[in-house]
4 protein chains.
Amino acid sequence: MCGIVSIAGQKDNASQLALESLMSIQHRGQDSCGILCYNDTITLKKGTGLVSEVFSNWNVQKNRLAIGHVRYPTIGTDPVRDAQPFYVNYPYGIGLCHNGNIVNYCELREELMEKKRRLQSNCDGELLLNVMAEELIDNELDQAIENVMNRTLGSYSAVSIVADSQGKIVVFRDPLGIRPLVFGENGGFMAASESVALDKWGIPVNDVLPGEMIVVDGSDLMRTQLKREHHAHCMFEWVYFSRADSVIEGSSVYQARLQLGKNLNLQHDVDVAIPVPDTARPAALGFAEQHGIPYREGLIKNRYAGRSFIMGTQQKRERAVSKLNVIKSEVKDKKVALIDDSIVRGTTSRKIVSLIRKAGAKEVHLFSSCPKILYPCFYGIDFPSKRELIASRGEIDSIGADSVTYQTLGGLRKAIGLDDLCMACLDGDYPVECCTAQFETLREKEREGCIWQEY
Amino acid sequence: MCGIVSIAGQKDNASQLALESLMSIQHRGQDSCGILCYNDTITLKKGTGLVSEVFSNWNVQKNRLAIGHVRYPTIGTDPVRDAQPFYVNYPYGIGLCHNGNIVNYCELREELMEKKRRLQSNCDGELLLNVMAEELIDNELDQAIENVMNRTLGSYSAVSIVADSQGKIVVFRDPLGIRPLVFGENGGFMAASESVALDKWGIPVNDVLPGEMIVVDGSDLMRTQLKREHHAHCMFEWVYFSRADSVIEGSSVYQARLQLGKNLNLQHDVDVAIPVPDTARPAALGFAEQHGIPYREGLIKNRYAGRSFIMGTQQKRERAVSKLNVIKSEVKDKKVALIDDSIVRGTTSRKIVSLIRKAGAKEVHLFSSCPKILYPCFYGIDFPSKRELIASRGEIDSIGADSVTYQTLGGLRKAIGLDDLCMACLDGDYPVECCTAQFETLREKEREGCIWQEY
Amino acid sequence: MCGIVSIAGQKDNASQLALESLMSIQHRGQDSCGILCYNDTITLKKGTGLVSEVFSNWNVQKNRLAIGHVRYPTIGTDPVRDAQPFYVNYPYGIGLCHNGNIVNYCELREELMEKKRRLQSNCDGELLLNVMAEELIDNELDQAIENVMNRTLGSYSAVSIVADSQGKIVVFRDPLGIRPLVFGENGGFMAASESVALDKWGIPVNDVLPGEMIVVDGSDLMRTQLKREHHAHCMFEWVYFSRADSVIEGSSVYQARLQLGKNLNLQHDVDVAIPVPDTARPAALGFAEQHGIPYREGLIKNRYAGRSFIMGTQQKRERAVSKLNVIKSEVKDKKVALIDDSIVRGTTSRKIVSLIRKAGAKEVHLFSSCPKILYPCFYGIDFPSKRELIASRGEIDSIGADSVTYQTLGGLRKAIGLDDLCMACLDGDYPVECCTAQFETLREKEREGCIWQEY
Amino acid sequence: MCGIVSIAGQKDNASQLALESLMSIQHRGQDSCGILCYNDTITLKKGTGLVSEVFSNWNVQKNRLAIGHVRYPTIGTDPVRDAQPFYVNYPYGIGLCHNGNIVNYCELREELMEKKRRLQSNCDGELLLNVMAEELIDNELDQAIENVMNRTLGSYSAVSIVADSQGKIVVFRDPLGIRPLVFGENGGFMAASESVALDKWGIPVNDVLPGEMIVVDGSDLMRTQLKREHHAHCMFEWVYFSRADSVIEGSSVYQARLQLGKNLNLQHDVDVAIPVPDTARPAALGFAEQHGIPYREGLIKNRYAGRSFIMGTQQKRERAVSKLNVIKSEVKDKKVALIDDSIVRGTTSRKIVSLIRKAGAKEVHLFSSCPKILYPCFYGIDFPSKRELIASRGEIDSIGADSVTYQTLGGLRKAIGLDDLCMACLDGDYPVECCTAQFETLREKEREGCIWQEY
């Protein structure tokens with residue numbers, strides 16, 4: 001998933017701005033983080049943990065340009081080795097980080113290694129950087145990034161620094177625009193995964209277009225449409241991943257979540273609507289309003305715990321549940337409508353339903369603001385293989401709820417208010433049409449049990 | 001404010017339990033923390049920061065007994081020097097930490113120094129420990145703690161380890177029971193500031209009575225009522241300080257907050273009820289339900305920021321505000337009812353009102369779920385001097401709201417559902433009757449500008 | 001063994017002086033170190049490693065009084081828990097560290113525990129501090145320290161800070177004066193284990209007398225002779241432990257070592273005199289001059305290694321040998337006289353003799369500048385039990401030298417130039433006459449295999 | 001100056017061997033150090049401080065190949081940024097570190113930057129690596145390194161890892177062989193700056209020839225003579241820099257130093273010969289033997305201090321002197337012959353002469369085992385500019401000795417026993433003939449006050 005920022009400062013405060021902006025999008029990844037900045041000299045610092053931990057004793061240097069990254073762990077990744085940004089010293093000195101997933105990773109990696117390039121990590125950010133470096137040796141920037149787009153399949157919202165002469169910020173987004181990327185100017189320049197990073201500084205928000213490259217060179221900003229296919233923005237940003245106060249492609253996340261709740265069908269008699277905190281609160285509120293039942297926060301999360309979804313292993317997922325506490329008075333002897341953002345493996349849902357029953361609920365009806373997740377994601381969401389998706393296994397009953405109600409595909413589209421969405425995990429319609437072969441390989445590996453571990 | 005825990009484990013897992021329980025009450029203090037544990041050997045570890053930071057590399061040792069502490073900064077404290085627990089090696093080896101405030105601190109400190117005792121910190125926990133140590137040199141435990149209660153005025157919920165022979169847990173609470181303290185048994189023993197720490201392990205919750213001492217010696221638990229005055233529990237635990245899922249003296253914090261919201265008068269026409277996150281959410285919901293207006297979370301807090309109230313300095317308070325972001329669609333062109341838990345200095349309220357106006361609100365009506373705070377607190381809440389309390393200064397207009405509505409004293413009592421509360425900060429009726437002199441001194445110092453700085 | 005310093009600064013530079021002075025006597029112990037200083041407030045910092053490591057990031061505070069310690073590991077000690085100085089807060093606040101060994105440790109420890117005192121470490125420095133604290137509760141300083149001397153048997157050169165009113169430095173030495181202790185004044189006051197610490201600042205050197213206490217209170221220095229037995233200074237300071245440029249009790253260590261070499265008998269035909277670096281260099285030089293043979297440094301020690309004797313375990317001892325490299329050209333086809341300061345277990349000697357043979361020496365004759373070590377030391381030198389002393393076992397042949405020549409007792413006395421020496425490890429004549437019982441206990445424990453491990 | 005090692009292990013212990021071997025040559029640089037190792041994956045760790053500090057918590061990984069570096073600070077260097085080894089990922093993945101000085105640094109750096117290569121440090125090791133990387137893109141190894149030798153002027157003993165397929169060790173030395181480099185095999189392969197690193201493991205020692213490249217590929221070792229000029233080995237290795245037990249180009253450092261002392265003329269009546277520790281001890285001994293006067297170690301150095309020459313700034317140099325203590329008894333009322341290895345700025349000599357006078361010496365005659373240093377070094381010794389060389393300034397009298405005697409050029413040659421030495425700092429005859437222009441530039445910069453600061 002990950003989050004990225006990129007700054008060309010008015011003054012020499014780019015690294016300071018990068019630091020604070022990364023904190024605004026820290027929810028996109030807590031596993032590791034890094035900042036690369038430039039002011040004649042390149043400085044790169046990255047490490048495992050929260051931004052506030054990794055940079056706690058950072059003697060913030062004066063820099064004009066900076067890029068930064070927060071990441072969440074994917075199975076098989078090494079938090080130290082795979083932390084972004086990455087850097088190569090030839091040509092120019094280039095630093096890069098991205099959010100997304102390169103689908104033809106295996107082929108490209110092999111190709112680069114045949115060309116004598118050594119990749120030290122399993123991170124596709126390092127791969128993307130080396131493809132870009134290769135193209136920049138003999139090409140101008142425009143041609144180079146267009147070639148990068150032609151060679152790489154999948155999703156990538158990327159920010160980079162090219163340290164030629166005075167140094168440039170180069171930002172680009174894959175032709176399908178799968179992962180989000182916004183930018184804005186107010187004297188300086190900022191690009192980020194989410195609008196909230198720009199809100200903090202009062203910067204007006206624009207979307208980087210799919211297939212677009214933006215170059216910031218001194219005080220000049222150049223937008224170039226390099227390649228364009230149909231837009232296919234990941235719907236899961238509205239459902240779960242983005243902050244409620246973000247606006248993506250003009251659509252408010254909070255409004256979308258409220259509407260997702262309103263769209264949920266209610267066919268049972270319930271006494272109270274309770275959200276699984278924190279993401280599902282707007283959906284539960286919309287649901288409660290629509291159906292005229294009381295809304296209560298009957299589950300309280302220890303503020304000093306991480307986010308359940310974002311953790312890597314089953315063990316962590318179990319701990320995550322143990323951070324929830326039930327307010328008995330809101331649940332006892334009641335028919336509870338429990339609203340969650342989505343149901344992936346079903347493990348968490350099973351635990352929470354059981355928790356609420358133990359606290360004395362008469363009935364527990366589970367509602368998912370997202371439709372059934374039936375297919376794996378190859379573009380950056382850490383969904384498991386089909387075999388682990390509970391909806392795909394047809395084992396929803398094992399959750400132990402009295403009923404389970406899902407959002408409809410139409411309800412999801414209506415709530416977000418956009419047509420050109422990637423909903424491959426819901427309907428199996430993957431937007432990258434030309435790479436059947438890669439998908440076959442990936443799916444085969446999926447069948448073997450794990451996609452990424454070999455790297 | 002601070003939070004405390006105390007464990008006598010069934011097995012040798014006391015320090016592990018202490019660690020996880022401290023995380024459950026981390027909201028009570030993020031400035032520093034510490035654990036002292038015993039298993040033939042005393043081990044003491046404390047430091048500045050969150051429990052997860054200070055103990056990140058802790059090689060948790062096997063221990064049967066443990067006490068732990070989280071603290072929030074009070075003006076003039078040194079986070080390192082004043083961190084709890086404290087330890088003296090004579091007699092027996094005693095470790096102690098507490099939550100509260102010793103009102104006759106100055107007199108006792110002077111008395112101890114005349115008796116050649118050296119106090120290294122400005123923390124009244126070290127003072128309380130030395131009084132206890134002094135009394136234990138020649139007295140049995142019961143007599144010693146009774147003497148401690150007779151010599152110390154103010155609030156103190158204390159947990160200690162006395163390392164004689166097999167080692168004892170000794171827990172006691174001041175005769176007025178100003179600060180909370182609960183305990184429970186399920187094979188082992190646990191005491192803590194809030195019930196949520198016990199919920200985590202499924203331990204049934206009991207209140208330690210005002211003036212009561214509990215001793216855990218091996219598998220024996222002895223409760224002794226040493227002294228008793230009228231109960232005077234701090235009302236601010238329900239209003240702000242405790243977690244919403246805590247139950248204090250049998251009264252649910254969540255229910256109390258909902259009711260506080262319902263009790264608030266509405267005399268204007270408003271379009272939406274918006275809470276100041278996180279504490280005021282139940283009150284805003286109760287308010288919205290009572291008056292039939294929509295409830296919306298129009299302010300989003302960056303999850304990776306601390307709590308505004310808990311920070312020490314004005315500067316931090318300003319940063320805290322900058323962690324809030326407005327969802328414009330919920331506010332624009334609307335008449336907003338903004339519900340906060342309480343108004344202390346008014347600084348934060350002023351900033352938030354301005355933030356909401358900038359986002360396009362037509363009107364902003366501010367509601368405080370707590371009555372006017374007019375008097376300083378001498379029992380552990382870090383309220384400022386009268387001169388800084390905005391209600392006391394009569395400058396509520398300076399907040400810039402279209403109207404400001406406070407809870408009534410009756411409404412507060414009704415919402416909590418208890419009679420024997422300390423509401424001294426609201427009505428000036430301080431429950432410690434016998435120590436007028438001390439109050440005079442403290443008030444005089446208050447008039448001079450600062451109470452604690454001289455230490 | 002350990003080393004100690006104590007400073008009463010003219011200005012507020014006591015901790016800085018302590019730091020630099022500890023580095024001058026770092027050879028006395030590299031296992032852990034610590035400084036306790038006073039200027040209204042007590043500050044204590046200690047840790048494992050060299051002074052330059054433990055205090056590398058120390059923000060040296062302004063302090064008027066300071067005491068400091070470097071220690072070397074004794075079997076069974078915990079480098080963290082047993083690090084000195086120690087501190088108690090009652091009465092006054094007292095910090096103390098010492099060099100020596102309390103022979104009636106077991107009895108005193110038991111006595112203190114019966115009086116409800118808890119000792120956290122196995123270090124006799126903590127014990128000495130608690131005896132001193134106990135005596136100071138009801139007694140004046142003179143009487144208190146005299147009582148300490150009456151209650152404790154063994155060796156102790158101690159420095160302490162008593163933090164009453166303006167604070168005092170209190171320095172005292174056991175009535176036999178077994179371990180060294182010097183002091184001097186030049187405006188301020190400094191006491192230290194060796195004269196080199198004072199040389200650094202140009203301070204004239206005096207010996208603290210056996211049984212003497214020195215108190216520095218403000219600008220007053222008071223010397224008090226509390227108790228006196230015959231002097232019994234440890235001869236091993238001259239042989240091995242002290243720095244070559246130190247002067248102890250008026251006798252130059254360098255001169256003594258030169259003379260020790262001159263005193264060694266030569267009964268074979270040898271080509272070259274080679275010292276075991278670094279301690280034996282003066283003795284080898286004296287030997288070479290006396291017998292008219294060339295002196296060569298045929299063994300080179302890696303400067304970045306520790307001292308062999310000072311390490312705790314056999315494993316470390318073996319590594320220590322591997323830090324030595326032979327200069328082949330100085331050894332090949334030669335009859336080598338190898339001079340070492342002393343032979344304890346014989347392990348190191350065996351390795352070095354073998355190393356020199358491998359490098360092509362025709363004959364290797366070993367000379368020890370110290371007489372045969374036959375008995376254990378109970379006063380602070382980490383000699384092993386009798387069973388491990390190679391001379392005591394009568395297995396000198398196992399070293400593999402062509403001949404082994406020892407210093408005579410008379411030669412040793414003559415070289416040092418003093419009569420009142422403790423030579424118990426050589427002749428079994430232990431200077432503490434009154435405590436046969438303790439010795440029996442200690443020896444019994446020695447027979448059981450280890451003296452200290454039970455604590 | 002710096003020191004380097006390179007290992008191709010028999011087993012997977014290359015990084016462990018590198019670590020211990022670096023400690024053997026730690027005297028060549030204490031400012032920073034680093035190790036790069038390879039076993040499918042590249043691992044690079046470097047930092048400021050001693051090997052024992054930087055790698056204290058290193059979880060030594062299993063690796064088959066490793067290179068390592070210790071460096072001493074040169075004016076204008078940044079200990080973090082300029083630490084070696086360096087790494088580039090294209091082609092192959094190459095790591096390199098070296099000992100020496102690239103004379104045409106400025107031209108090469110400019111050339112590389114024009115070819116779009118970014119250099120992050122001021123270290124010529126990074127430059128050398130990038131030249132090698134550039135040449136390896138299109139050339140075979142032999143041709144590539146020959147091209148490197150043709151493009152770079154100056155001194156460089158380099159070790160590198162080329163991470164193609166199974167990985168290779170590539171070692172090469174400049175055609176003049178200015179800096180030392182030895183290698184040996186015993187199953188595995190080791191190259192190092194000094195023979196002592198190989199002695200430690202019992203590996204027989206060979207010299208890498210000037211202009212030679214050695215490649216270790218699996219179990220094959222290939223030696224290739226790529227280029228050869230006359231040999232010009234730096235004489236200062238014997239005088240000062242190498243460890244006394246090293247053998248360079250077949251000539252024993254210890255023997256050379258002894259002989260340097262014997263060669264020194266004595267024209268005054270002196271009572272004692274005293275070395276400046278530690279380097280001058282063999283020379284002082286040779287001097288004493290030759291002239292029949294007693295040898296005494298009248299100056300004792302605190303073992304816990306660094307080496308005076310190796311420190312970067314004047315301030316450190318002064319501290320270094322303060323680590324010396326005089327043994328008064330050896331000096332008082334005596335005519336002292338003080339033997340030092342060399343006299344560079346004269347600052348240290350002045351201080352030591354004064355120290356000895358203060359201790360009561362009647363006369364102090366200073367002897368330098370090295371001839372007058374009159375010219376700067378451009379090949380890796382951190383001599384200052386001509387303006388700072390005391391011999392060059394003609395201000396030897398300012399040292400304050402009663403007489404100063406230098407080694408003759410002939411005496412130096414005779415003592416080392418080799419003809420083909422670089423003695424440019426003594427006679428101005430620089431061995432790199434073809435680069436007059438570069439020298440002019442360097443000298444001009446020297447005249448401007450500092451050579452390296454602009455980078």
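**A look at the overall build of chain A**
No. 1: Secondary structure assignment for chain A yields 15 helices and 23 strands.
No. 2: What you see for chain A is a C-alpha radius of gyration of 22 Å, in line with the 23 Å of a compact globule of 455 residues.
No. 3: Overall, chain A is about 70 × 45 × 35 Å in size when its C-alpha atoms are taken along their principal axes.
No. 4: Here chain A, with 455 residues, has 65% of them falling under the buried criterion.
No. 5: Restricting the contact set of chain A to residue pairs at least 6 apart, pairs at least 24 apart contribute 69%.
No. 6: Per element, the accessible surface of chain A, about 15700 Å² overall, is 45% carbon and sulfur.
No. 7: Distance between charge centres in chain A, computed from 52 positive and 58 negative side chains, equals 7 Å.

**Details of the relation of the copies chain B and chain C**
No. 1: Of the transformation superimposing chain B on chain C, the axial component is 0.1 Å and the angular component is 180°, with the fit at an RMSD of 0.1 Å. In short, the pair behaves as if placed about a two-fold rotation axis. Relative to the rotation axis, the C-alpha of valine 88 of chain B is the closest in chain B, positioned 3.7 Å from it.
No. 2: By residue overlap, the copies meet face to face through one surface: 100% of the interface positions of chain B are interface positions in chain C.

**Some details on the interface of chain D and chain C**
No. 1: Counting residues at the interface gives 38 residues for chain D, matched by 38 residues for chain C.
No. 2: The largest share of the area that chain D buries against chain C comes from Tyr254, Arg303 and Tyr304 of chain D, three residues that together contribute 19% of it.
No. 3: Linking glutamate 289 of chain D and arginine 296 of chain C is a salt bridge whose minimum nitrogen-to-oxygen distance equals 2.5 Å.
No. 4: Where chain D touches chain C, the interface holds 16 residue pairs in polar contact (both at pLDDT 80 or more).
No. 5: The class makeup of the residues in the side of chain D that touches chain C is 13 nonpolar, 10 polar and 15 charged.

**Some details on helix 5 (residues 141-151) of chain B**
No. 1: Looking only at helix 5 of chain B, the buried set comprises Leu141, Ala144, Ile145, Asn147, Val148, Met149 and Arg151 of chain B.
No. 2: On its buried side, helix 5 of chain B packs onto helix 3 (105-114), helix 4 (124-138), strand 7 (154-162), strand 8 (168-173) and strand 12 (212-217) of chain B.

**A word on the domain arrangement of chain A**
Residue and element names in this part refer to chain A.
No. 1: On domain assignment, one finds that chain A holds domain 1 (2-232) and domain 2 (257-417).
No. 2: The C-alpha-based centres of domain 1 and domain 2 are spaced at 34 Å.
No. 3: The interface is formed by 14 residues belonging to domain 1 together with eight residues belonging to domain 2.
No. 4: Between domain 1 and domain 2 lies a buried interface of about 1000 Å² when both sides are counted; carbon and sulfur atoms form 55% of it.
No. 5: The interface formed by domain 1 and domain 2 contains zero salt bridges.
No. 6: If you look at where domain 1 meets domain 2, you find three residue pairs in polar contact (both at pLDDT 80 or more).
No. 7: Of all the elements in the fold, those that place two or more residues in the side of domain 1 that touches domain 2 are strand 6 (94-102) and strand 7 (154-162).

**Quick notes on the relation of the copies chain D and chain C**
Both copies of the chain are related through a single rotation about an axis accompanied by a shift along the same axis.
No. 1: Superposing chain D onto chain C requires a rotation of 180° together with a translation of 0.0 Å along the rotation axis, leaving an RMSD of 0.0 Å.
No. 2: Comparing contact sets, 100% of the residues at the interface of chain D also lie at the interface in chain C, consistent with an isologous, same-surface contact.

**Section: the interface of chain B and chain C**
No. 1: Each side of the interface is counted separately: chain B has 22 residues, and chain C has 22 residues.
No. 2: Here chain B packs against chain C, burying approximately 1800 Å² in sum over the two surfaces, 41% of which is carbon and sulfur.
No. 3: Taken together, the links from chain B to chain C amount to zero salt bridges.
No. 4: In this structure, the connection of chain B to chain C is made through 17 residue pairs in polar contact (both at pLDDT 80 or more).
No. 5: Among the secondary structure elements, those contributing two or more residues to the side of chain B that touches chain C are strand 3 (41-48), strand 5 (86-88) and helix 4 of chain B.
No. 6: Tallied by class, the residues present in the side of chain B that touches chain C amount to 10 nonpolar, six polar and six charged.

**Some points on the pattern of salt bridges**
No. 1: Counting across every chain of the model gives 90 salt bridges over all chains.
No. 2: One salt bridge in this structure joins lysine 227 of chain A and glutamate 229 of chain A, with 3.9 Å as the shortest N-O distance.
No. 3: On the basis of relative accessible area, lysine 227 of chain A is assigned to the partly exposed category, the value being 25%.
No. 4: Glutamate 229 of chain A sits in the partly exposed class, given a relative accessible area of 34%.
No. 5: A salt bridge links glutamate 330 of chain D to arginine 296 of chain D; the nearest nitrogen and oxygen atoms lie 3.5 Å apart. With glutamate 330 of chain D in the loop between strand 19 (324-326) and strand 20 (335-340) and arginine 296 of chain D in the loop between helix 9 (281-291) and strand 18 (299-301), this pair connects stretches of sequence that are 34 residues apart. Both residues of the pair, glutamate 330 of chain D and arginine 296 of chain D, belong to the buried class.
No. 6: Via salt bridges that share partners, Glu111, Lys115, Arg117, Glu134, Glu135 and Arg151 of chain C belong to a single interconnected network.

**What about the state of the cysteines?**
No. 1: On inspection of all chains with the given rule, the structure shows zero disulfides over all chains.
No. 2: Looking at the unpaired cysteine 33 of chain A, the closest cysteine sulfur is the one in cysteine 97 of chain A, lying at 11 Å.
No. 3: Given the relative accessible area of 1%, cysteine 33 of chain A is considered buried.
No. 4: Free cysteine: cysteine 234 of chain D, not disulfide-bonded; nearest cysteine sulfur from cysteine 377 of chain D at 6.1 Å.

**A few points about the packing of aromatic side chains**
No. 1: Per the stated rule, a full pass over the model turns up 38 aromatic pairs over all chains.
No. 2: Through pairs of rings, three or more aromatic residues link up here, namely Tyr72, Phe236, Tyr240 and Phe241 of chain A.
No. 3: Sitting over the face of the ring of tyrosine 90 of chain D, arginine 117 of chain A holds its NZ or CZ atom 4.0 Å from the ring centroid.

**What to know about the side chain of serine 403 of chain A**
Residue and element names in this part refer to chain A.
No. 1: Mapped onto the elements, serine 403 comes out in strand 22 (residues 403-406).
No. 2: Judged by relative accessible area, serine 403 falls into the buried class, the value being 11%.
No. 3: Engagement of the side chain of serine 403 in a polar contact is seen with the side chain of histidine 365, the distance being 2.7 Å.
No. 4: Other than its neighbours up to four places away in sequence, serine 403 contacts His268, Val364, His365 and Leu366.

**Some thoughts on the side chain of threonine 152 of chain B**
All names here are of chain B.
No. 1: Within the secondary structure, threonine 152 sits in the loop between helix 5 and strand 7.
No. 2: Among the residues examined, threonine 152 registers a relative accessible area of 3% and is labelled buried.
No. 3: Within the structure, the side chain of threonine 152 is placed 2.7 Å from the backbone oxygen of valine 148, a separation counted as a polar contact.
No. 4: Among the polar contacts made by the side chain of threonine 152, one reaches the side chain of tyrosine 156 at a distance of 3.2 Å.
No. 5: Setting aside chain neighbours within four positions, we find threonine 152 in contact with Ile102, Asn104, Leu108 and Leu128.

**Considering the sheet that holds strand 20 (residues 335-340) of chain C**
All names here are of chain C.
No. 1: Read across the sheet, four strands follow the order 17-20-21-22 without closing on themselves; strand pairing throughout is parallel. Both edges of this open sheet fall to strand 17 (272-275) and strand 22 (403-406), since each of them pairs with a single strand only. The sheet shows a mean angle of 25° between the axes of neighbouring strands, direction not considered.
No. 2: Where strand 21 (residues 363-368) meets strand 22, four bridges bridge the pair, whose relative direction is parallel.

**As for the environment of lysine 335 of chain B**
Residues and elements named next belong to chain B.
No. 1: By secondary structure assignment, the location of lysine 335 is in strand 20 (residues 335-340).
No. 2: With sequence-adjacent residues up to four places away left out, lysine 335 is seen in contact with Asp269, Val270, Asp271, Val272, Lys362 and Glu363.
No. 3: One polar contact links lysine 335 to aspartate 269, side chain to side chain, over a distance of 3.3 Å.

**Regarding the packing of helix 8 (residues 253-263) of chain D against helix 9 of chain D**
All names here are of chain D.
No. 1: Remark: helix 8 packs on helix 9, axes separated minimally by 6 Å, with the N-to-C direction vectors making an angle of 45°. Taken together, the axis directions place helix 8 and helix 9 in an arrangement best described as oblique. Helix-helix and strand crossings are classified by hand; for helix 8 and helix 9 the assignment is right-handed. Contacts from Tyr254, Arg257, Leu258, Gly261 and Lys262 of helix 8 reach helix 9 at Pro282, Ala283, Leu285, Gly286, Phe287, Glu289 and Gln290.
No. 2: Across the contact of helix 8 with helix 9, the residue classes break down as six nonpolar, three polar and three charged.

Cut-offs and rules
Residues numbered from 1 in each chain as written. Chains lettered and ligands numbered in written order. Predicted model: local features only at pLDDT ≥ 70, side-chain atom pairs only at ≥ 80, totals over all residues. Heavy atoms only, no water. Helix = DSSP H or I, 4+ residues; strand = E, 2+ residues; numbered from the N terminus. Rg over C-alpha atoms; globule rule 2.2 N^0.38 Å. Buried < 20%, exposed > 50% of the residue type's maximum accessible area, 1.4 Å probe, protein only. Contact = heavy atoms within 4.5 Å. Areas by Shrake-Rupley, 256 points an atom, 1.4 Å probe, with all protein chains shown as cover. Lys, Arg positive; Asp, Glu negative; His and termini not counted. Charge placed at Lys NZ, Arg CZ, Asp CG, Glu CD. Least-squares fit on C-alpha atoms with pLDDT ≥ 70 in both. Buried area = accessible area lost by both parts, 1.4 Å probe. Salt bridge = Lys/Arg side-chain N within 4 Å of Asp/Glu carboxyl O. Polar contact = N/O pair within 3.5 Å; in protein donor to acceptor, adjacent residues only side chain to side chain. Nonpolar A, V, L, I, M, F, W, Y, C, P; charged D, E, K, R; others polar. Domains from an automatic or database assignment. Disulfide = S-S within 2.5 Å. Phe/Tyr/Trp six-rings, centres within 6.5 Å; stacked < 30°, edge-to-face > 60°. Lys NZ or Arg CZ within 6 Å of the ring centre and 35° of its normal. Pairing = 2+ DSSP bridges. Axes fitted to C-alpha atoms, helices over the stretch in contact; angles between N-to-C directions. Parallel < 35°, antiparallel > 145°, perpendicular 65-115°, else oblique. Left-handed = near helix turned anticlockwise from the far one by under 90°.

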